[in-house]
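What follows is each chain in one-letter form.
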Amino acid sequence: MITKRKMRTRSIIFLLLAGTFLGLAQDQFNIERKQLFDNDWKFLLGDTSEAGSKDFNDENWRSLDLPHDWSIEGQTHPKNPTGNGGGYFPAGIGWYRKTFNVPSEWKDKKVSIYFEGVYMDSEVFVNGKSLGVYPYGYSSFRYDLSPYLDFGEENAIAVRVDNSQQFNSRWYSGSGIYRHVWMGVTDPIHIDHWGVDITTPKVSSKKATVQIKTVVKNETDQSQNIILKTQLAGTGSKKVGKHQTNITLQPHGSKEVVQIINVPDPTLWTLDTPYLYTAQQHILKNDKVIDQAKTNFGIRSIEFSAEKGFLLNGNAVKINGGCVHHDNGCLGAAAFDRAEERKVELLKAAGFNAVRTSHNPPSEAFLDACDRLGLLVMDESFDCWKVGKNKNDYARYFDQWWQRDIDAMVLRDRNHPSIVMWSIGNEIPERGDADAVKTAQMLSDYLKGIDDTRPITSAIVDNGKDWSIFDPLMAVHDVAGYNYHLESAPDDHKRVPSRIIVQTESYPKDAFANWKLVQENNYVIGDFVWTAMDYLGESGIGRWYYSGEVPGEHWEHDFFPWHGAYCGDMDLTGWRKPISHYRSMLYNGNEKLYIAVREPEPEPFEIKGTWWSVWPTWESWTWPGFEGKDVQVEVYSKYPKVRLYLNNKLIGEKATTEEQEYKATFTVPYSPGELKAVGVDDGKEVESTMLQTSGEAAKIKLTADRKEIWANGQDLSYITIELTDENGVLQPNAANRLHFKIDGPGVIAGVDNADLKDPEPYKANSRKAWKGRALVVIKSTQDTGNIKLTVTSPELERAAINIKTTN
């Protein structure tokens, strides 16, 4: 895993800009086929009509590396054009430019540029020539550069990014070239871009049939006789099968080659053992390798039926899923590999086994991490079809671009074993009309023409009419996606017994009811909560408020300084809220006891909830000002009973079986000290967990998720900051101002505290703590050495931590 990330990020050293290396690359085999193109760009926030020309003077522009999101660098403001949906962040128009040398030896090669994601309406220029405009900000796309390059000379590429047409998103989109960029160099005879399709049509523990379809292109004027060799290997490059095919290609022609390889005693891809194989392919002409490609895949089977539910390798799996937007909190939309990997790690640690990529295709790094770590994926295409939800959203482009964007999603992502469902839409506004059925059928038919190995769904929500009016729309999907409507599943099953149902969105507060419906009905394959993680934008969803404040849901008013959604099981720093522990306890067996305290209402005010909120509940027994007043203590338990002690005095014992929804609530007069919950089984105390009252904040505790990172200019270390008392107990009410200083080969990439009402910028050297916590994300440079982060705050002991960067 680390080796792959190192190769991917460190391939910047391919020396595209240095002729010494490239001059040695006489054969295609010696030229890196896919070369990272992220470093040494120039950036301007603003618009200038001449910036696409080759000789434009950009020396006064800002220098930066990709990925880059300029919106997260700005200040939230109630008058910013993205508004409530976009988190009140700035948007606008930006330009990127880069100069690079192309060796003369590449004149007979095919050279391309590949963008994993640019938000949005991007126009790419090479040496002043416009290559085209790509509207959708979440699709990957590619241009052929060969006709426009000056070989043996300096060249210039420029990208204009236009995110000025607001509103175009209902959530935070970010702005800019926020994913990786790659340079592609191949022989004129080569494996086509996204031209490898690997499936496993027959799978058992004794033998698996692997089918590899490969599109080979001949971009020469002559017929070509070549050989395609495919070698399958497992961990440690252990060879498990091979196939060789002789091919004749017509001039400027292409051919799909089908190869079948049987793998004996395969190791299957599962959630617990996500084993990956590699297909290494070579094209040979006259015994010389002229092209090669490597594709990772997993051997696994998936089945869906109303009778048996969802089967992975023949075993029933109940989906405990979470919806996730694409932002990375304080990094904005910037899709650093480590940020994407960490997101998957957090989802797994929180007990989820599936993720819905709402409402767009994710980064390649995110899907790679799902493959490696074992997380199921519902890969989603768009938020709307022909009828929009905002003035400038995808509906403007749907008729002209849906086919290309479906191609971009499915062709790019189809080899990921983690993906088990495709979603073609979310809460489509025209869903009650007959035309919506035709559109869904069109999308489904086209997608299945590319990949018929996975079911197709989309998320359907009630529109205040009879739910059964959506039967025709659901009928053209393989799996019916229900948003907030799972309670109708039993009656729907009586009416349409063949329907397979997944809840594509649910309210966090309905965790138990949804879990019960999933467990008791095979035709309900799972639930995806909205959401697994807090996110930027859709400001105020999931908020709670106090009486006297402006009431209402997030769409009814502007609630600035709210600039994000607090409906996640985890907050923006990755901290698991109590609802996360409860949900995981329902679905998994690794957590059996948890204690938290409902925030007491500050008289005379009352706490008010909203649709997506749960009561603000904290891992805290530090409530100054509430001494002697009743406080509600929640205990989640998979034990038959729990006991609650305060300062070693028994408060009470309650049952926590399924009948009690695995939950007990105790009313306790608040008194500082030690609050302890104990799991009781057969009359015996088996397990305990505790909350302790904290003294005043005195110390700063720093914890790094990784203390050694790659010196590649892209790797990250997440430093969690906790403010504790003298005895090391977290002070959950601390809101001290923190100051950050960094020394050595690193930079501060972002700071956060999870408070979505805090308007301070995410790119800064200072931040207040919230609930006793904060987060600093450190990014490496290209240099090795030791990075030192020092955190100070008035009246607190300073703290420092060292992070090592290596090659």
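Residues numbered from 1 in each chain as written. Predicted model: local features only at pLDDT ≥ 70, side-chain atom pairs only at ≥ 80, totals over all residues. Heavy atoms only, no water.

On to the overall build of the protein. Of regular secondary structure, the protein possesses ten helices and 49 strands. A globule of 807 residues ought to have a C-alpha radius of gyration of about 28 Å, and the protein, at 27 Å, matches this closely. Referenced to the eigenvectors of the C-alpha coordinate spread, the extents of the protein come out at roughly 90 × 65 × 50 Å. Here the protein, with 807 residues, has 61% of them falling under the buried criterion. Looking at the protein alone, contacts between residues at least 24 apart form 71% of all its contacts between residues at least 6 apart. Taken as a whole, the protein presents about 30800 Å² of accessible surface, with 47% of it coming from carbon and sulfur. When the 92 basic and 109 acidic side-chain charges of the protein are each reduced to a single mean position, those positions are 4 Å apart. (Helix = DSSP H or I, 4+ residues; strand = E, 2+ residues; numbered from the N terminus. Rg over C-alpha atoms; globule rule 2.2 N^0.38 Å. Buried < 20%, exposed > 50% of the residue type's maximum accessible area, 1.4 Å probe, protein only. Contact = heavy atoms within 4.5 Å. Areas by Shrake-Rupley, 256 points an atom, 1.4 Å probe, with all protein chains shown as cover. Lys, Arg positive; Asp, Glu negative; His and termini not counted. Charge placed at Lys NZ, Arg CZ, Asp CG, Glu CD.)

It is worth spelling out the sheet that holds strand 19 (residues 309–312) at this point. What the three strands build is an open sheet, ordered 18-19-20; its pairing is antiparallel. The strands lining the two open edges of the sheet, one partner per strand, are strand 18 (302–305) and strand 20 (315–316). Across two bridges, the pairing between strand 19 and strand 20 is antiparallel. Its bridge partner lying in strand 20, Leu312 is registered against Asn315. (Pairing = 2+ DSSP bridges.)

Before going further, it helps to examine the pattern of salt bridges. Counting across every chain of the model gives 45 salt bridges. The salt bridge involving Glu364 is made with Lys34; its shortest N-O contact spans 3.9 Å. Of the two residues, Glu364 sits in helix 4 (residues 364–373) while Lys34 sits in strand 1 (residues 34–36), which places them 330 residues apart along the sequence. Here Asp47 and Arg160 are joined by a salt bridge, their closest N and O atoms 2.8 Å apart. (Salt bridge = Lys/Arg side-chain N within 4 Å of Asp/Glu carboxyl O.)

Time to look at the sheet that holds strand 1. As summarised here, the arrangement of the four strands in space is 1-10-5-8, forming an open sheet in which the pairing is antiparallel. Edge strands, defined here as strands with exactly one partner in the open sheet, are strand 1 and strand 8 (141–144). Each neighbouring strand pair of the sheet contributes to a mean axis angle of 25 degrees, computed without reference to strand direction. Sheet topology note: the strand 5 (residues 110–115)/strand 10 (residues 181–186) ladder contains six bridges and is antiparallel. When the bridges of strand 10 are listed, Ile113 appears paired with Met183. (Axes fitted to C-alpha atoms, helices over the stretch in contact; angles between N-to-C directions.)

Our focus in this paragraph is the state of the cysteines. Tallied over the entire structure, the rule returns zero disulfides. You can see Cys384 has no disulfide; the closest cysteine sulfur is in Cys323, sitting 17 Å from it. Taking relative accessible area as the criterion, Cys384 reaches 2% and is therefore assigned buried. Looking at Cys567, it has no disulfide partner, and the nearest cysteine sulfur is the one in Cys323, 9.3 Å off. Classification of Cys567 as buried rests on a relative accessible area of 2%. (Disulfide = S-S within 2.5 Å.)

Before going further, it helps to examine the pairing of strand 11 (residues 189–203). In this sheet, strand 12 (residues 207–218) lies alongside strand 11 in antiparallel orientation, the contact comprising nine bridges. Bridge pairing links Lys202 to Thr209 in strand 12. Following strand 11, the chain reverses through three residues before pairing antiparallel with strand 12.

Residues Ser358 and His359 are joined by a peptide bond in cis, for which omega reads -10 degrees. Looking at the element boundaries, His359 is found in the loop between strand 22 (354–356) and helix 4. In this structure, Pro604 follows Glu603 across a cis peptide bond, with omega equal to 10 degrees. A positive phi angle is found at Glu538, which is not glycine, with a value near 45 degrees. Turning to its location among the elements, Glu538 is positioned in the loop between strand 29 (535–536) and strand 30 (545–546). Unusually for a residue other than glycine, Asn648 sits at a positive phi of about 70 degrees. One can find Asn648 in the loop between strand 36 (641–646) and strand 37 (649–655).

Okay, the nonpolar core next. Tyr96, Phe115, Phe310, Leu347, Trp621 and Val633 are the most contacted members of the largest nonpolar core, which totals 180 residues. With seven residues, helix 5 (residues 398–413) is the largest single contributor of residues to this core. If we ignore the near neighbours within four places in the chain, the residues touching Val633 are Ile595, Ala596, Val597, Trp621, Leu644, Ala664, Thr665, Phe666, Val668 and Leu675. (Core = buried A, V, L, I, M, F, W, Y, C linked by side-chain atoms within 4.5 Å.)

Take the packing of aromatic side chains next. According to the stated counting rule, one finds 46 aromatic pairs in the structure shown. The ring of Tyr718 has Arg342 sitting right over it, with the charged end atom 3.9 Å from the ring centre. (Phe/Tyr/Trp six-rings, centres within 6.5 Å; stacked < 30°, edge-to-face > 60°. Lys NZ or Arg CZ within 6 Å of the ring centre and 35° of its normal.)

Confidence in the prediction for the protein averages 95 pLDDT; 96% of positions are at 70 or higher. Below a pLDDT of 50 lies the segment residues 1–29, which in the model reaches 78 contacts outside its immediate sequence neighbourhood of four places, other chains included. (pLDDT = per-residue confidence, 0-100.)

The buried fraction of strand 6 (residues 122–126) amounts to four of the five residues, a majority that puts the element mostly inside the structure. Summarising the sheet, strand 6 and strand 7 (residues 129–134) pair through five bridges and their orientation is antiparallel. Bridge pairing in strand 7 links Phe125 to Ser130. Between the antiparallel neighbours strand 6 and strand 7 lie two residues, among them Asn127 with a positive phi of about 50 degrees. Pairing between strand 6 and strand 9 (residues 153–163): four bridges, direction antiparallel. Its bridge partner being in strand 9, Val126 is matched across the sheet by Ile157.

Glancing now at the packing of helix 3 (residues 337–349) against helix 4. Packed helices, taken two at a time, are described by their axes: the angle between them and the distance between them. Where helix 3 contacts helix 4, the axes come no closer than 8 Å and their chain directions differ by 40 degrees. The orientation of helix 3 with respect to helix 4, classified from their angle, is oblique. Of the two possible hands of crossing, helix 3 and helix 4 adopt the one that is right-handed. Of helix 4, the residues touching helix 3 (which contributes Asp337, Glu340, Glu341, Lys343, Val344, Glu345, Leu347 and Lys348) are Ala365, Phe366, Ala369, Cys370, Arg372 and Leu373. Class assignment for the residues of the contact of helix 3 with helix 4 results in seven nonpolar, no polar and seven charged. (Parallel < 35°, antiparallel > 145°, perpendicular 65-115°, else oblique. Left-handed = near helix turned anticlockwise from the far one by under 90°. Nonpolar A, V, L, I, M, F, W, Y, C, P; charged D, E, K, R; others polar.)

Judged by how many residues are buried, helix 4 sits mostly within the fold: eight of ten residues are covered. Buried within helix 4 are the following residues: Glu364, Ala365, Phe366, Leu367, Asp368, Ala369, Cys370 and Asp371. Directly beyond the C-terminal end of helix 4, a positive phi value near 85 degrees is found at Gly374.

Moving on, we come to helix 9 (residues 511–520). Every buried residue of helix 9 is accounted for by Ala511, Phe512, Asn514, Trp515, Leu517 and Val518. For helix 9, the secondary structure elements touched by its buried residues are helix 8 (489–495), strand 27 (501–505), strand 28 (524–529) and helix 10 (578–587).

Below, the discussion takes up the environment of Trp710. Secondary-structure assignment places Trp710 in strand 42 (residues 708–710). Overall, Trp710 belongs to the buried group, its relative accessible area being 13%. As a C-alpha pair, Trp710 and Gln782 span 72 residues in sequence and 8.5 Å in three-dimensional space.

Its location among the elements puts Ser169 in the loop between strand 9 and strand 10. A residue is classified by how much of its surface remains accessible, and Ser169, at 9% relative accessible area, is buried. From its side chain, Ser169 meets the backbone oxygen of Trp171 in a polar contact 2.8 Å long. Those residues within four positions of Ser169 in sequence are excluded, and the remaining contacts are Tyr119, Tyr138 and Asn390. (Polar contact = N/O pair within 3.5 Å; in protein donor to acceptor, adjacent residues only side chain to side chain.)

Along the chain, the position of Asn155 falls in strand 9. Among the polar contacts listed, one links the side chain of Asn155 to the side chain of Asn127, at a separation of 2.8 Å. Engagement of the side chain of Asn155 in a polar contact is seen with the backbone oxygen of Glu153, the distance being 2.9 Å. Discounting chain neighbours no more than four positions away, the residues touching Asn155 are Lys54, Lys98, Thr99, Phe100, Val102, Asn127, Tyr148, Leu149 and Asp150.

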